[in-house]
Amino acid sequence: MRTPIIAGNWKMHKTLPEAIEACRRLEEMVEDAKAEVVVCAPFTALSALKALGLNKIKLGAQNMHFAREGAFTGEVSPLMLRDVGMDYVIIGHSERREIFGETDEMVNSKTLAALDHGIDPIVCVGESLDQRKAGETEPLVKGQIQTAFDGIGAAEAVKVVVAYEPIWAIGTGETATAEQAQEVNAMIRATLAEIYDHETAEAIRIQYGGSVKPANITELMDKEDIDGALVGGASLKPEDFAAIVKY
Ligand code: PEP
């Protein structure tokens, strides 16, 4: 049985006081939720949020470098994230891929590095609108998954969370239908079964992300291969995010 996982991606939002206030309010509202709850906050807020000693909410970063340390001005390493007690890290978000040029190979290096440091990666994959229209969704997402999991054994692979995030649905208000999301998530699970085996693929959690809101979460979560959501905009308001967590 896979435990559902709902993760909020705050992106470049919230000052320190705002982040603390949001997590305190959210913690009260989701205390008894069945799903695992993760907040991926900006780097600047991570240690202060960790110091709150939250019970229900787990914490994650939104990116990291793959090297343990070195001359990489402005970057944050897996060792540093472990230092501040991070449970999760988002890897290969489409904004990182599109704006900052992250490749599938970098996503793989970062995924390996996170696992090496005991941080569970949330690996994002997904196609653009042009790629969907050109019928490229399946080969593209399949390739992203194959490269992301390259060199990762089955025992470690089950710690990875995959987030299927069609780029055309991120921050646009346009959600993939539950059927479209299920179709790709099922294909991702089939790909994982090809790489590993049926049992391993069944154990890996696969989220959907892209304009998830309180109004559409139930329909998405009803689908067999949708094990949670990665939520951007709607995670910024604790009330909305709590409603999604308690779908
Ligand atoms: C995201 O950034 O991962 C995301 C899914 O954003 P939104 O929910 O705002 O579409």
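Above this text you will find the structure in question.
Owing to the predicted nature of the structure, the values given are computational and were not obtained by experimental measurement. (Residues numbered from 1 in each chain as written. Predicted model: local features only at pLDDT ≥ 70, side-chain atom pairs only at ≥ 80, totals over all residues. Heavy atoms only, no water.)

K.L.:
Before we move on, can you summarise the layout of surface pockets with the specific residues and values?
P.N.:
Computed from the structure, the largest pocket encloses a volume of approximately 470 Å³. Here the element with the most residues in the lining of the largest pocket is helix 4 (residues 94-100); it accounts for 4 residues. Empty space within the second largest pocket amounts to approximately 200 Å³. Counted by class, the lining of the second largest pocket contains 5 nonpolar, 8 polar and 3 charged residues. (1 Å grid on protein atoms, 1.4 Å probe; cavity = no way out; pocket = protein on both sides within 12 Å on 5 of 7 lines; lining within 4 Å. Points joined across faces, edges and corners; volume = space filled by probe spheres on them. Helix = DSSP H or I, 4+ residues; strand = E, 2+ residues; numbered from the N terminus. Nonpolar A, V, L, I, M, F, W, Y, C, P; charged D, E, K, R; others polar.)

K.L.:
Quick rundown of the sheet that holds strand 7 (residues 205-209)? Include the residues and the values.
P.N.:
Judged by pairing direction, the barrel is parallel, and its 8 strands sit side by side in the order 1-2-3-4-5-6-7-8 before closing back on the first. When strand polarity is set aside, the average angle formed by the axes of neighbouring strands in this sheet is 25 degrees. Both strand 1 (residues 5-9) and strand 8 (residues 228-231) contribute to a ladder of 4 bridges, which runs parallel. Counted as the bridge partner of Ile5 is Gly228 from strand 8. Across the face of the sheet, helix 9 (residues 178-195) comes into contact with strand 5 (120-125), strand 6 (161-164) and strand 7 while running at roughly 150 degrees to strand 7. On the sheet, helix 12 (residues 238-245) packs against strand 1, strand 2 (36-40) and strand 8 and is oriented at approximately 160 degrees with respect to strand 1. (Pairing = 2+ DSSP bridges. Axes fitted to C-alpha atoms, helices over the stretch in contact; angles between N-to-C directions. Contact = heavy atoms within 4.5 Å.)

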